[in-house]
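A look at the structure
Chain residues, written in single-letter form:
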Amino acid sequence: MLRAARLVRVTGQVQGVGFRPFVHRLALRHQLGGWVRNTSGDVQIEVEGDEVEVERFLAELVAEAPPLARIEEVVVSAHEPGGTASFAILASLTEIDRRQAPPPDTAICPACLAELTDPANRRFRYPFITCTDCGPRYTVIRAMPYDRERTSMAVFEQCPACLAEYHTPGDRRHHSESNSCPRCGPRLWFANDAGATTDGDLIGRAAALVEGGGILALKGLGGFQLAVDATSDDAVRRLRHRKRRDAKPLAVMVPDLAAAATIADLSAAELALLTSAERPIVLAALRPGAPLSCEVAPGLRQVGVMLPTTPLHHLLLTALGRPAVMTSGNATEEPIAIRNREAIERLGTIADGFLLHDREVLARYDDSVVRVVDQRPVVIRRARGYAPAPLDLPVASPVPLVAVGPHLKNTFTLVSGRRAFVSQHIGDLENLETLEHFRATLADYQRLFSLEPGAVAHDLHPEYLSTRAALDMGLPAVAVQHHHAHVAAVLAEHGRSDPVIGVAYDGTGYGADGLTWGAELLRADLISYQRLGHFRYVPLPGGDRAARAPWRVALGYATLLGFDNAWPWAYQDVAPAELALARQQVRQGLNSPRASSMGRLFDAAAAILGVRSVSSFEGQAAMELESLAGRRPASEIICPIVESTDGWVIDPVPLLATLAWQRERGVDPADSAADFHASIAWNTEQLVRRAVDAIGLRTVALGGGSFQNARLLGSLRSRLEAAGLEVLTPRRLGPADGAISYGQAAVAAARLATG
Ligand code: ZN
Ligand code: ZN
Ligand code: FE
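Residues numbered from 1 in each chain as written. Chains lettered and ligands numbered in written order. Predicted model: local features only at pLDDT ≥ 70, side-chain atom pairs only at ≥ 80, totals over all residues. Heavy atoms only, no water.

Points about the packing of aromatic side chains
Inclusion rule: Between the rings of Phe, Tyr and Trp (Trp by its six-membered ring), a pair exists once the centres lie within 6.5 Å; its type follows the angle of the planes, with under 30 degrees stacked, over 60 edge-to-face, and the other angles tilted. We call a residue buried when its accessible area falls under 20% of the maximum for its residue type, exposed when it is over 50%, and partly exposed in between, using a 1.4 Å probe and counting protein chains only. Comment: elements are numbered from the N terminus, with helices defined as DSSP H or I runs of at least four residues and strands as E runs of at least two. Counted as over-ring charges are cases with an Arg CZ or a Lys NZ within 6 Å of the ring centre that also lie within 35 degrees of the ring normal.
Evaluated as defined, the whole model comprises 13 aromatic pairs. Geometrically, the ring pair formed by Y445 and F449 is tilted, given 5.5 Å between the ring centres and 50 degrees between the ring planes. Each member of the pair, Y445 together with F449, is buried. Here W517 and Y529 contribute two aromatic rings whose centre-to-centre distance is 6.4 Å and whose plane-to-plane angle is 85 degrees, an arrangement assigned as edge-to-face. Here Y529 lies in strand 26 (residues 529–535) and W517 lies in strand 25 (residues 516–524), a separation of 12 residues in the sequence. Looking at Y529, the relative accessible area reads 24%, which means it is partly exposed. Grouped by ring-pair contacts, the aromatic residues Y138, Y365, F412, F421, F438, Y445 and F449 constitute a single cluster. If you follow R531 out to its NZ or CZ, it ends over the ring of W517, 3.8 Å from the centre. The ring of Y571 carries R583 above its face, with NZ or CZ at 5.7 Å from the centroid.

Concerning helix 18 (residues 653–664)
Basically, it comes down to this: By this rule, a helix spans an expected 1.5 Å times one less than how many residues it contains.
Here helix 18 contains 12 residues, and its C-alpha end-to-end distance of 17 Å stays within 8% of the 16 Å for a straight helix at 1.5 Å per residue. All buried positions along helix 18 are accounted for by V653, L655, L656, L659, A660 and Q662. Directly beyond the C-terminal end of helix 18, a positive phi value near 80 degrees is found at G666.

Concerning the sheet that holds strand 3 (residues 43–50)
Operational definition: Pairing between strands is defined by DSSP: at least two bridges between them are needed. Each axis is a line fitted through C-alpha atoms, and for a helix only the stretch in contact is used; angles between axes span 0 to 180 degrees, taken between their N-to-C directions. A contact between two residues is defined here by any heavy atoms of the two lying within 4.5 Å.
If you walk across this open sheet you meet the five strands as 4-1-3-2-5, and the pairing is mixed. Strands with a single pairing partner mark the edges of an open sheet, and in this sheet they are strand 4 (70–79) and strand 5 (87–89). Strand-to-strand twist across the sheet, computed as the mean angle between neighbouring axes with direction ignored, equals 15 degrees. Seen against the sheet, helix 1 (residues 19–29) touches strand 1 (3–13), strand 2 (33–38), strand 3, strand 4 and strand 5 and runs at an angle of roughly 175 degrees to strand 5. Relative to strand 3, helix 2 (residues 51–63) is tilted by about 150 degrees, and along the sheet it contacts strand 1, strand 3 and strand 4.

Side note on the coordination of the zinc ion (ligand 2)
Test applied: With water excluded from the atoms, a metal site may look incomplete; its donors are any N, O or S atoms within 2.8 Å, or within 3.2 Å for Na, K and Ca. Angular criteria define each label, namely tetrahedral for four donors with all angles between 85 and 135 degrees, square planar for four and octahedral for six donors with opposite donors over 155 degrees apart and remaining angles between 65 and 115, and irregular for whatever fails these tests.
For the zinc ion (ligand 2), every protein donor is listed as C159 (SG), C162 (SG), C181 (SG) and C184 (SG), and the spread of their distances is 2.2 to 2.3 Å. Given four donor atoms and angles of 102 to 117 degrees at the metal, the environment of the zinc ion (ligand 2) is assigned as tetrahedral. Read from N- to C-terminus, the donor residues coordinating the zinc ion (ligand 2) fall into the pattern C-x2-C-x18-C-x2-C. The same class applies to C159 and to C162, which are both buried.

Observations concerning the coordination of the iron ion (ligand 3)
The coordination sphere of the iron ion (ligand 3), as far as protein atoms go, consists of H482 (NE2), H486 (NE2), D506 (OD) and D737 (OD), spread over 2.1 to 2.2 Å. The site at the iron ion (ligand 3) holds four donor atoms, and with the angles between them running 87 to 170 degrees, its shape is irregular.

Notes on the sheet that holds strand 18 (residues 391–392)
The mixed open sheet is built from six strands, whose spatial order is 18-21-20-19-22-23. The strands lining the two open edges of the sheet, one partner per strand, are strand 18 and strand 23 (477–480). As judged from the three bridges shared by strand 19 (residues 401–403) and strand 20 (residues 413–416), these two strands associate in the antiparallel manner. Opposite L401, over in strand 20, you have V415 as the bridge partner. Across the face of the sheet, helix 21 (residues 740–753) comes into contact with strand 18, strand 19, strand 20, strand 21 (419–422), strand 22 (455–459) and strand 23 while running at roughly 140 degrees to strand 19.

Scope: geometric values only; no functional claims are made or implied.
So this is what it looks like as C-alpha cells:
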C-alpha cells in the first residue's frame, strides 16, 4: 500500500454551503487523515492515506459537492506524508488581500421544512430553523471567512443541544454557523399600537391582522417587507395609498406550488425557478379568474409570484392560507428598512402591525425578479439569492476597479483582476437616502472583499450623482457611454471581447453628441464603439417629464409628421392649458430635448393607440402594450431607413401613422399592439442586415431595458438566428440598467489593460 499526501485549495462558492462537513465525511469514508479549514480566499484541505483512496477522494470532492457549492478551481499539490491518521476541521484563517464572495441567502430546504412542521421535533414552528444547506448567509455576514463569530448570529450562544449537533460529524448541522433553536436563538415578537408581546401565537396574530385587511411589516432576509391580503381590493388599495405607489405591479407570495398554480399559468422553466434555492419573484402569465385583487397588477396580464423563502414566511403563509402581496418595506423611492427602530419610524405610518426579531440584518436586499423568455431565465432585478456571486471579465483589470453604475436602477461593480463582484440592486440615485445606501453598500463591499480601488469607471453624463460620486473619489477615471456599456455587459457575460453588432434599446442614456440616446445600433468591442445607426430623433416637450407622459412623446412625433394637431385622442387625459404649453414649447424648440429612445417610442405607440396618455411610472405603457399584444399574430409595417452623417437613421413616423390609421378604422388595439412589436423586430432585423453587409460581423448582442419585453426579445432573437447570425442575450444580469456597472467595468478593464 502506497501512502500519499496532498494539499488541496478549492475556490468558488465553498463557504456557508456545508463544504467543510462534506469534506470531513468524505475523508472518513476514504480513511484519510488531515484537516480542512476556511480561509479568506478559499477552502484548504490536507489529506493523506492510501494513494488510491486519495485519488478517489479528489474525484468525489468535485463530483459529490453539496448542492449549493459552486467549485471554480481545485489546485492540488503533493507533499511528503507526515503520518496523520485522524481528520479535523481547523479554525479559520484570515489572510490579507485574498477575497471571495460571501454565499448568498438560501431558501429553507426540504429537510428543515419537514422539521418545522413536525410537532415532535424540537424546532417545531421555530421561525429561525436552518442547516448547512439553507438559511441566511450574505445578509448576516460581517466578514469572510464564514464563521459564526463574523455574523449577526454571534450574539446567540448555542445551547448544549445545538452545540452537540454542531460538533457531530454526519449531523445535518455539523459546523452549521447559523445553527440555533427556540432555547438559544433569535426571538420573535409582535408589535402594534397596543404594545409589543413575545407571548402566545405571534404568527396567528400577524396572520389575523392581514386577514382583517391590515398591513403587516415583517422582517425578512434582506430587510423589512410589507404584507397584505392579495385577494382584497381594499387592503391592496390602502397599501398603495400609504406606500405612495400608484400602479406599479406588486408581487404575490403564495403558501405552496398548488396555490401558485391557481394564480399563474406556469411552464416547467418557471416552476423550476420558483422552487430554486434563490426563490426569486417569477413574472408569469396571470391565470384568468385567479383569486387576486385586480389592484395587484392593474392592466397587466402578468403577475409576479414567489414561494416562501424563510421559515417565518412559511409559518405566516400557512396560517394565512391565501396569497399575500409581499413588497419591500419602504415608501416608494426610498431604500428598504433593515433595523427594527428604523422600520418602526419609517414604516409606522404604513403598517398596522410589526413582526420583528432580534437577528440583525447586515445588508439591504430586495427580492430578485426573473422572467422566462423562450425557456430561458432573464433576470429583471438581481438582488437576494443572486448577488454578489461574482462574474468573470474577459479581460483582467490591471488595477482594482470600481464601476459606479447608472443613475436609475443602480448597481455598482468591484473588480479584482478577472473577477467582477456586481452589487445587488441599489435603486434610483435620485434622493439622499438612496445615495447614502449606495455609499454605505460600496463601503461594505470594499471591506468585505478587502479591495481598495485604483481606478473608477462612470457614465458619460456629467450631472449624474453616480458620476459625481465617482469623480469625488480622486482616482483615475474612465468614462463609458451608456449604450456601449449595455453591449459590453452582454459581451463580457458571454466571455467575449471580439467586435460585434450591438443593438441597445432602452429608455434614455447620455449620448456622445450630448443628445439623449436609447435606440442604437453600434459596432462595439470592449474597448470602443462606433454608432452605426439609430432611430430618428424626436423632440420631447417637457424633457424628463416625457418619461411619465406618453402624450408628450406622441406630440413630439406629431410635429415630425408636420402637423402637431394630429392624433387628438392621444391627449385625452391632458389639461388643455398643459397641452397648449407643450405645443408652444415644441414649436419654438424650448425645453424639448431631442431623443432617440425605444422606451419613448413604445410610449408614443401606447398614446396613439389610446391605451395610455399618462403613466405613473416609466415603462408602464410598454408593459401594457406587451400584455395587450400577448401572442397574437401580427403583420409588419415598414420604416424607411436613410443614411446620414451619424449612420443609418430609421424613421418610425410611418409606423406610428399606420397605428393611428388602424385606430381610426376601429382595429382592435391588441392587434395593433402586436403589429407594433412585430414591426420593431422586423425593422431592427433590416438595420442589422445592413450592418452585416457593411462590416461583415455576424454576431449580434442585444442589451437595454426594452429587451425585458419578452415578445420583442423572443421575436428579434429568432429572426436574427433564422438569418444565420449568432445572437448574444443578457442572462445573469438582465437587459436593463442593473447590468450597466458590469459593462462599465468590462470596458474600463479592457482599456486599462491596453494602456
Ligand atoms: Zn435546511
Ligand atoms: Zn439551541
Ligand atoms: Fe439603459
